[in-house]
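# Survey of secondary and tertiary structure
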Amino acid sequence: MKPMNPLLLAVVGLAVAIAGWSAAVLSGRYGMATPVLPPTGLVTMGVIVVLTLVLGIRVLRWRNGKKKKMLNPILAAWTLVLAQACAYTGTVLLGWHAGIFVEQLRIWSLRSSQELTGLALGMGGGGLVMIVVGLVVERFCRIPPEDGEDAAKGLPGHPRPGKAKGEGEYAYRGD
């Protein structure tokens, strides 16, 4: 799998923010409810974040050599997929609720209750946490670079040999 591109996440977030803003404008124009997730969505986001972190820490502990038992390669692959899905889901949630938040700011003084604005802000914050956790756990799943056999480790002036096989790959090793 390829690592996530933060620029792609930003483009997706911006596109979804425009869609969220448009949906908020249209729903307000036609007297419908503003399309924002209920507060229980924060609980679901929290469960996903905690699960992703727990699995990511297991992979990190194996990668750093603190576990003697071999890591299940399927678990490592699932952890990577979960981390990337967490980041993309967080991007969509952050973008959607940022668009709604911008629309709510426009009519801030006209509303008697700012409950919807706070909810959109909370959901956007939850999306941001999901993005950060997804990106961090994705980094946990990378295999650290390996030096060549003849390389002088840590000495300045001694260039590293060519890229070692397996350097920069994810924690799943096919050998």
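This text goes with the structure placed above it.
Now for a description of the structure that goes with this document. (Residues numbered from 1 in each chain as written. Predicted model: local features only at pLDDT ≥ 70, side-chain atom pairs only at ≥ 80, totals over all residues. Heavy atoms only, no water.)

Time to look at the overall build of the protein. Helix and strand counts for the protein stand at four helices and zero strands. N-terminal to C-terminal, the α/β element order of the protein is α-α-α-α. Counting over 175 residues, the protein shows a buried share of 37%. Contacts spanning at least 24 positions in sequence make up 79% of the contacts within the protein whose residues lie at least 6 apart. Entry remark: accessible area of the protein is about 10,900 Å², with carbon and sulfur atoms responsible for 67%. (Helix = DSSP H or I, 4+ residues; strand = E, 2+ residues; numbered from the N terminus. Buried < 20%, exposed > 50% of the residue type's maximum accessible area, 1.4 Å probe, protein only. Contact = heavy atoms within 4.5 Å. Areas by Shrake-Rupley, 256 points an atom, 1.4 Å probe, with all protein chains shown as cover.)

Before going further, it helps to examine helix α3 (residues 73-106). Since the α-helix turns once every 3.6 residues, residues separated by three or four places project in the same direction. Taking 1.5 Å of rise per residue, 34 residues should cover 50 Å, and α3 covers 50 Å from first to last C-alpha, within 8% of that figure. Measuring from the backbone nitrogen of isoleucine 74 back to the side-chain oxygen at the start of α3 gives 3.1 Å, which picks out asparagine 72 as the cap. (Expected span 1.5 Å × (residues − 1). Polar contact = N/O pair within 3.5 Å; in protein donor to acceptor, adjacent residues only side chain to side chain.)

A separate point is the packing of helix α2 (residues 40-63) against α3. Relative placement of two packed helices is described by the angle separating their axes and the distance separating the axes. Running from amino to carboxyl end, α2 crosses α3 at an angle of 145°, the nearest separation of the two axes being 9 Å. Every pair of crossing elements has a handedness; the one defined by α2 and α3 is left-handed. Where α2 approaches α3, its residues Met45, Ile48, Leu51, Thr52, Leu55, Gly56, Arg58 and Val59 are matched on the opposing element by Leu75, Ala76, Thr79, Leu82, Ala83, Cys86 and Leu93. Here the contact of α2 with α3 is composed, by residue class, of eleven nonpolar, three polar and one charged. (Axes fitted to C-alpha atoms, helices over the stretch in contact; angles between N-to-C directions. Left-handed = near helix turned anticlockwise from the far one by under 90°. Nonpolar A, V, L, I, M, F, W, Y, C, P; charged D, E, K, R; others polar.)

Let's shift gears to a nonpolar patch on the surface. Residues Leu26, Tyr30 and Met32 make up a contiguous nonpolar surface patch of about 370 Å² in total accessible area. Residue class for tyrosine 30 comes out exposed when judged on its relative accessible area of 60%. (Patch = residues over 30% accessible without salt bridge, like charges linked within 9 Å, V, L, I, M, F, W, Y side chains within 5 Å. Salt bridge = Lys/Arg side-chain N within 4 Å of Asp/Glu carboxyl O.)

What follows deals with the pattern of salt bridges. Applying the stated criterion across every chain yields a total of one salt bridge. Note that glutamate 103 and arginine 106 form a salt bridge whose closest N and O atoms lie 2.7 Å from each other. Taken together, the positions of glutamate 103 and arginine 106, both in helix α3 and three residues apart, correspond to about one turn of that helix. The class of glutamate 103 is buried, set by a relative accessible area of 4%. Judged by its relative accessible area of 57%, arginine 106 is exposed.

Next up on the list: the nonpolar core. By size, the foremost hydrophobic cluster in this structure holds 17 residues, and its most contacted members are Val36, Met45, Ile100, Met130 and Val137. Counting only elements with at least two residues in this core, the list comes to α2, α3 and α4 (115-140). If we ignore the near neighbours within four places in the chain, the residues touching valine 36 are His97, Ile100, Leu116, Leu119 and Ala120. Formed by eight residues, the second largest nonpolar core is a distinct cluster that contains Trp62, Leu75, Ala76 and Cys141. (Core = buried A, V, L, I, M, F, W, Y, C linked by side-chain atoms within 4.5 Å.)

Attention now moves to the environment of glutamine 84. Along the chain, the position of glutamine 84 falls in helix α3. As for glutamine 84 and threonine 52, which are separated by 32 residues in sequence, their C-alpha atoms are 9.8 Å apart.

What follows is about α2. The first and last C-alpha atoms of α2 sit 35 Å apart over 24 residues, in line with the 34 Å expected at 1.5 Å per residue. All of the buried residues along α2 are Gly41, Met45, Val49, Thr52, Leu55, Gly56, Val59, Leu60 and Trp62. Against the buried residues of α2 lie α3 and α4. Trailing α2 by a residue or two, glycine 65 shows a phi angle of about 85°, which is positive.

You can see glutamine 104 is positioned in helix α3. Not counting residues up to four positions away in its chain, the partners in contact with glutamine 104 are Thr34, Arg111, Leu116 and Thr117.

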